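Residues per chain, in single letters:
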Amino acid sequence: MSTVPKQILILGGGFAGVYTARHLEKLLRPEEALITLINRENYWVYQPMLPEIISGSIGLTNVVSLIRRLCPRTNLIMREVEGIDLNKQIVTISPGFRPRQLQLPYDHLVIALGNVTNFHGMPGMIENAMPFRTLADAMALRNHLIHVLEEADVEDASELRRQLLTFVVGGGGFSGVEVMAELNDFVQSVKRNYLRLRSEPHRRVIVQAGTRILPEMCETLATFAERILRKRGVEIILNDRLKAATSEKAILQSGKEISCKTLISTVPSALPPVLQSLDCAKERGKLLVDTALELRGYEGRVWALGDCASIKSVAGTQVPPTAQHAVREARTAAINIAAAVRGCRRVEFRFEGLGTFGSLGHGAAVAEIFGVKASGLLAWFLWRGIYLMKMPGLNRKVRITADWLLHLLFPPELAQTKLAFESAIRNQHFEAGDVIFRQGDLGDSVYVIEDGECEVLCERKGERELLATLGRGAYFGEMALLSDRARSATLCARTAMDVLIIPKADFNKLRHSVPAFGNVFTELAARRAEAGSPHLFADPDMPGASPGVPTGASDGNSVQRALFPH
Ligand SMILES: Cc1cc2nc3c(=O)[nH]c(=O)nc-3n(C[C@H](O)[C@H](O)[C@H](O)COP(=O)(O)OP(=O)(O)OC[C@H]3O[C@@H](n4cnc5c(N)ncnc54)[C@H](O)[C@@H]3O)c2cc1C
């Protein structure tokens, strides 16, 4: 056996990724394997309890656990996975404070990136429908609900008030039903705090594509759930689906329109973009694995599990995308990775599910465990008891129990957590000698000099060559951004300077929406490219440059003209 520890990379810190790391920590010694997990957050989200954030029956941070504490022997990298090269066995992750991507080689790879809500082909949904998967989604929805209630309380126009008090959820599966149940409880219980809304009716609608809600459950329990929801005033539209949306309404496939200011969509789902472009076998839009959870064509090296994988158990049943399955898949994957490291025999995925639960809020749930059905209060106690038991860590269990008890005693919190979303376009100050970006960095922003001067330096074999000096009104940084390549020079402040930074995403948005703005930069980049190195930054028409010094920045006036054409 090799004495060099194997590099195991786990992509995704959800149920599948975190539980794989936990099992691997138990199965492999540090000298056998180094485990690294990459996730965009440093916490793991207990999604089954996420809807309770809406009503405030669980505090915001109590449905999450820190990955570093759950997996103490795993190296956590809190970044975005941007690329996977299955042939070269390299994963590329996003830059951090330093604008350089990281490339991580691996011996064994676990892909557990879950899935995303997919609004492709549904006009207006990205702009107007709220997804519900992450802690940020839950916070955003809660804040939005408080906002529309506050507005409805002020608004005199009855049509707008009706719109503000209409809540539509797309998807009648577990998450759609649970979101609606919690939303309904919340609105119902806080309405009394609004003088003008106390007697005002509010409308809530579930739109479900199938013939019944909760298709994951047997018909009797689904019918029970439907009856409870209808009794609480929820309209259920069956055999229809969301087709499009505007800021004023949800538009259904049947042509029906629902005038509303709150639209939440829990369906449909798709692979995260980084996996959509992955060149490997797929089935039903997911990564195809065998019963040992090995990715087709990459057996022994790559495993895929959780919501992003299409898995069949040994019995041949398609494995549903649930947390209880993801946790068991993690165990199978970890055993098989340990077997690959040690050259032992692998196991197959055999778990067929213990049962299903769905909370209907307000002391009611539906449950089916080992074939035994329960509904109402008993099922609700079972739901809470079992999910609490499954939450890892005594700390979180105690906090959640305390939250539930307090929620029984006191009315829900109604404070809006206002997050000031500043534009990503921002100002920055540099002191003389500060490096703005380095040669070789990833092109992530364009810069406009508002005050001061900077130097364009080309670094070669440890030597620095001054290419240009740029002054007030000049702009730079577009070349790497337009051509998607690394910076070809280092930019260093010569004096104290203030700059306007336009990040790549905003730059691209402006470039596509305001062609004149884009043209300024495209033409400049073309001139700079034509001039070539060492006069890479040369621009003969550049008024913002110091006289006699070759430079490539453009004048601030032309940016303004492009931004604000006459
Ligand atoms: C509201 C809701 C309620 C649910 N209720 C239940 C329930 O009651 N019972 C049940 O069994 N199941 C339930 N589920 C389903 C269950 O939560 C999922 O099946 C389970 O979370 C899947 O685990 P996963 O690890 O595959 O994906 P996820 O838990 O989604 O984890 C994926 C992780 O990958 C990260 N990630 C994704 N892309 C990138 C990237 N490019 N770079 C870095 N990180 C990335 C994400 O941030 C996330 O942390 C519910 C789901 C939702 C949304």
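All values derive from a computational prediction rather than experimental measurement.

Draft legend 1. Main features of the sheet that holds strand E32 (residues 475-476). With respect to topology, four strands assemble into an open sheet ordered E27-E34-E29-E32, the strand pairing being antiparallel. The strands lining the two open edges of the sheet, one partner per strand, are strand E27 (426-430) and E32. Direction of pairing for E27 relative to strand E34 (residues 497-503): antiparallel, over a ladder of five bridges. Directly across from His 429, in E34, lies its bridge partner Asp 498. Against the sheet, helix H14 (residues 504-513) contacts strand E29 (445-451) and E34, and its axis sits at roughly 70° relative to E34.

Draft legend 2. Inspection of the pattern of salt bridges at higher detail. Under the definition given, this model contains 21 salt bridges. Across the salt bridge formed by Glu 200 and Arg 161, the nearest N and O atoms sit 3.2 Å from each other. Here the residue Glu 200 occupies a position in the loop between helix H7 (174-190) and strand E13 (203-207), and Arg 161 occupies one in helix H6 (residues 158-164), the gap between them amounting to 39 residues. This pair shows no difference in class: Glu 200 is buried, exactly as Arg 161 is.

Draft legend 3. Up close: the site of the ligand. Near the ligand, the surroundings consist of 26 residues, among which Asn 39, Gln 47, Val 81, Asp 307 and Ala 323 are the closest. Here Phe 15 contributes a backbone N or O atom positioned 3.1 Å from an oxygen atom of the ligand. Ala 16 places a polar main-chain atom, nitrogen or oxygen, 2.9 Å from an oxygen atom of the ligand. Residue composition of the shell around the ligand, grouped by class: 11 nonpolar, 10 polar and five charged.

Draft legend 4. Highlighting the side chain of Thr 166. Tracing the chain through its elements places Thr 166 in strand E12 (residues 166-170). Judged by its relative accessible area of 5%, Thr 166 falls in the buried class. A polar contact is formed between the side chain of Thr 166 and the backbone oxygen of Arg 162, at a distance of 2.7 Å. Thr 166 has contacts with Arg 203, Ile 258, Ser 259, Cys 260, Lys 261 and Thr 262, leaving out every residue within four places of it along the chain.

Draft legend 5. Region of interest: empty space enclosed by the protein. For the structure shown, the criterion picks out three cavities of 30 Å³ or more. If you go around the second largest cavity, the residues you meet are Lys 286, Gly 306, Asp 307, Ala 309, Ile 311, Val 319, Pro 320, Pro 321, Thr 322, Ala 326 and Glu 329.

Draft legend 6. Summary view of the packing of aromatic side chains. With the rule as written, the count across this model stands at 16 aromatic pairs. Where Trp 380 meets Phe 381, the ring centres are 5.5 Å apart and the plane angle is 65°; that geometry is what we call edge-to-face. Measuring from ring centre to ring centre gives 5.5 Å for Phe 437 and Tyr 447, while their planes differ by 50°; the resulting arrangement is tilted. With a gap of 10 residues between them, Phe 437 in strand E28 (residues 435-437) and Tyr 447 in strand E29 connect regions that are remote in the sequence. Assessed through its relative accessible area of 4%, Phe 437 is described here as buried. One aromatic cluster in this structure is built from Phe 15, Tyr 19, Trp 44, Tyr 46, Phe 357, Trp 383 and Tyr 387. When the ring centre of Tyr 19 is taken as reference, the NZ or CZ atom of Arg 22 above it lies at 5.5 Å. For Arg 487, the ring lying beneath its charged end belongs to Phe 437, and the centroid distance is 3.9 Å.

Basis of the calculations
Residues numbered from 1 in each chain as written. Predicted model: local features only at pLDDT ≥ 70, side-chain atom pairs only at ≥ 80, totals over all residues. Heavy atoms only, no water. Pairing = 2+ DSSP bridges. Helix = DSSP H or I, 4+ residues; strand = E, 2+ residues; numbered from the N terminus. Contact = heavy atoms within 4.5 Å. Axes fitted to C-alpha atoms, helices over the stretch in contact; angles between N-to-C directions. Salt bridge = Lys/Arg side-chain N within 4 Å of Asp/Glu carboxyl O. Buried < 20%, exposed > 50% of the residue type's maximum accessible area, 1.4 Å probe, protein only. Near = heavy atom within 4 Å. Polar contact = N/O pair within 3.5 Å; in protein donor to acceptor, adjacent residues only side chain to side chain. Nonpolar A, V, L, I, M, F, W, Y, C, P; charged D, E, K, R; others polar. 1 Å grid on protein atoms, 1.4 Å probe; cavity = no way out; pocket = protein on both sides within 12 Å on 5 of 7 lines; lining within 4 Å. Points joined across faces, edges and corners; volume = space filled by probe spheres on them. Phe/Tyr/Trp six-rings, centres within 6.5 Å; stacked < 30°, edge-to-face > 60°. Lys NZ or Arg CZ within 6 Å of the ring centre and 35° of its normal.

These values are about where atoms sit, not about what they do.
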